[in-house]
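Chain by chain, the residues run as shown.
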Amino acid sequence: MDKKFFLLFFIAGIFSCKTASVLADYGVEKGDEYASIAVLPDTQYYTALRHGGTMSMFQNQVDWLVKNYQKEKIAYVIHLGDITDHNAPVEWERAASAMYRLDATKVPYGLAVGNHDQTPNGTPSAGSDTTQYTRYFGKTHFGSRPWYGGALGNNNNSDTHFDLFTANGDKYLVMYFAFNQPDYKGYNEAYEKQMLNWADSVLTAQADRKAILVCHSMLGRPKGTTSGDKPGAGDNSLQSNFTKQGKGIYEMAKNHSNVFLMLGGHIAGEGYRKDTYNGNTIKTYLSDYQSRQGEPYGGAKDRNGGNGTMRLMRLNKTKQTLSIVTFIPQANGSVIKETDGDSQFTDALYK
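Going along each chain's sequence as written, the residues are numbered from 1 onward. With pLDDT at 70 or above as the cut-off, local features in this predicted model cover only qualifying residues; side-chain atom pairs require 80 or more to be listed or tallied, and sums for whole chains, interfaces and linings still use all residues. Side-chain metrics in this entry use all non-hydrogen atoms of the structure; hydrogen atoms and water are not considered.

### Side note on the packing of aromatic side chains
Okay, so step 1: Think of it this way: a Phe, Tyr or Trp ring, Trp meaning its six-membered ring, pairs with another when their centres are within 6.5 Å, and the plane angle makes it stacked under 30 degrees, edge-to-face over 60, tilted otherwise. Counted by the stated rule, this structure contains 21 aromatic pairs.
Okay, so step 2: Aromatic side chains Trp-64 and Phe-327 sit 4.9 Å apart centroid to centroid with 55° between the ring planes, which places their arrangement in the tilted category. In this pair, Trp-64 sits in helix H3 (residues 55-68) while Phe-327 sits in strand S13 (residues 321-329), placing the two residues 263 residues apart along the sequence. The same class applies to Trp-64 and to Phe-327, which are both buried.
Okay, so step 3: An angle of 5° between the planes, with centres 6.4 Å apart, marks the rings of Trp-92 and Tyr-136 as stacked. Within this pair, whereas Trp-92 is found in helix H4 (residues 89-99), its partner Tyr-136 is found in helix H5 (residues 132-137), the two being separated by 44 residues in sequence.
Okay, so step 4: Working definition: with a 1.4 Å probe on protein chains only, accessible area under 20% of the residue-type maximum means buried, over 50% means exposed, and in between means partly exposed. Judged by relative accessible area, Trp-92 falls into the buried class, the value being 0%.
Okay, so step 5: For Tyr-136, a relative accessible area of 9% translates into the label buried.
Okay, so step 6: Our definition puts a charge over a ring when NZ of Lys or CZ of Arg is within 6 Å of the ring centre and also within 35 degrees of the ring normal. The ring of Tyr-350 has Lys-210 sitting right over it, with the charged end atom 4.3 Å from the ring centre.
Okay, so step 7: Against the face of Tyr-277 rests Lys-254, its NZ or CZ located 4.6 Å from the ring centre. The numbering of helices and of strands both runs from the N terminus, where a helix is a DSSP run of H or I of at least 4 residues and a strand a run of E of at least 2.

### Things to note about the pattern of salt bridges
Okay, so step 1: The salt bridge definition used is simple: a Lys or Arg side-chain nitrogen within 4 Å of an Asp or Glu carboxyl oxygen. With the rule as written, the count across this model stands at 18 salt bridges.
Okay, so step 2: Between Asp-32 and Lys-319 there is a salt bridge whose closest N-O contact spans 2.6 Å. Taken together, the residues Asp-32 in the loop between strand S1 (18-19) and strand S2 (34-40) and Lys-319 in the loop between strand S12 (310-316) and S13 connect sequence positions 287 residues apart.
Okay, so step 3: The exposure class assigned to Asp-32 is buried, which follows from its relative accessible area of 10%.
Okay, so step 4: Residue Lys-274 pairs with Asp-347 through a salt bridge whose shortest N-O separation is 3.2 Å.

From the geometry alone we can't say anything about function, so treat these as descriptive.
Okay, structure coming up:
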């Protein structure tokens, strides 16, 4: 092997590798008490079969979850929204065919409502119980599940809701906010206040549970990063800014010492920030791969729809750490890991 080829091979190995297990060598050691949360970013191009996206990418993600939920100690699965691209029935049917397979595992899961899951785009249903999201992922589907905590409103709508689960002997709450961005034409200010007031009351009533807040639009991409279209070239040296909706959610959440984590998609790329208020730290992460390209990274013609990229978050109770791993499940059960600084990293769990 000549030196030039070896160098290229070595550099490529930094950014990705195939392995049968995801976190066996990262974030945990034998004897540690830990649990995992799986995160599925925007699947809109899988369900719409656009921009290189295919349903096999979505199915590979779910296949991996079904096969590995026990081994990887997955306690909960989060979908970050933009489940569909056009809010079309056929796309919802495809999404349901994938996500409903998790029901057999008994692992709790929830989905956020993205702007592409609304009609018109970016216009929240404001409590309507006739949406496609409600039809496939409303209270009719989730209401009887032991983890389902409740939703804003008294009908079948579940756009803004919360779930409850226990892991490592600790109690958790996951709360979802419907997309309602102030800089979108369909923004509903009254509904935003209603969501935040409801969230404030739930977090107060559930103060004994560690809380994770999920909204499709939570965080922007930091300046200078290429993580929106290329893998393996980022770090967490620059903090991201909140989106306008994310900022509003944070201003409510910072008053609740049980909130420790916020997650979002929507904006292509990876991002991170850490905020401390009155001694409580909230970490916020962006993960969205819908605009990613494959080699030779020549623009739109090389887009891969997201390529099935997802995340696993390791909550290590023994070490009090939170470890993030980003990876692409393959049809044969192996994974391709993305190991640059904003794709694989460890931080304090609650600090």
